[in-house]
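A look at the structure
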Amino acid sequence: MLLTIGAYAGLFGAAFVAATFLPMQSEAILVGLILSGDYSLPVLVAVASVGNTLGAVVNWFIGRGIERFRDRRWFPVSPKKLEDAQRWYRKYGKWSLLLSWLPIGGDAITVVAGVLREPLLPFVLLVFIGKTARYVAVAAVTLGLV
């Protein structure tokens, strides 16, 4: 029982961290747990999806507060890149959050959504849908269903 809770907690933590700018691969952990055959597939997908979505919420909060530092020398993004990202988000809107699962650019979408004050509820719903779809796809490929 304790090992099962630890596995789910580890998957949650990896998925949470993977949604931030910190390097982490939650898919590999999900695949390993699926292949072990010891865990409920729907629970694994749900735990990974919730963890990854909550990690994206951290990015949203960072976006809400980060623009006040844009004139600092240490700010990680040039003013042009920040404006380009904002322009891109305004063009595609909240629906771009369905792509927040992408390994390149997905985290940036969630930060820019915070910068542009996307309301939290639609943010969470769209990010959850996108991230859940990704984990379902990973599970389907792992099980040879696709």
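Reading guide: rules and limits
Within any chain, residue numbers begin from 1 and follow the written order of that chain's sequence. Since the coordinates come from a predicted model, pLDDT governs what is reported: local features require at least 70, and pairs of side-chain atoms require 80 or more to be given and counted, while whole-chain, interface and lining totals use all residues. Side-chain numbers here rest on the full set of heavy atoms in the structure, without hydrogens or water. Secondary structure elements are taken from DSSP: a helix is a run of H or I of four residues or more, a strand is a run of E of two residues or more, and numbering for both begins at the N terminus. Residues are treated as being in contact if the distance between any of their heavy atoms lies within 4.5 Å. Whenever two N or O atoms come within 3.5 Å, that pair is a polar contact, provided that in protein one can donate a hydrogen and the other can accept it, and provided that, for residues adjacent in sequence, both atoms are side-chain atoms. Burial status follows relative accessibility: with a 1.4 Å probe on protein chains alone, a residue under 20% of its type maximum counts as buried, one over 50% as exposed, and anything between as partly exposed.

What follows covers the environment of S49. The topology assignment puts S49 in helix α3 (residues 41-66). In this structure the C-alpha to C-alpha distance between S49 and F12, which are 37 residues apart in sequence, comes to 8.2 Å. With residues up to four places along the chain from it excluded, the contact list for S49 reads F128, K131, T132 and Y135. Only 3.2 Å separates the side chain of S49 from the side chain of T132, close enough to count as a polar contact.

This part is about unusual backbone geometry. Even without being a glycine, R117 presents a positive backbone phi close to 60°. Within the element layout of this structure, R117 appears in the loop between α5 (106-115) and α6 (120-142).

Moving on, we come to the environment of V58. Residue placement: V58 occurs in helix α3. The class for V58 is partly exposed, based on a relative accessible area of 31%. Separated by 53 residues in the primary sequence, V58 and V111 place their C-alpha atoms 8.6 Å from one another.

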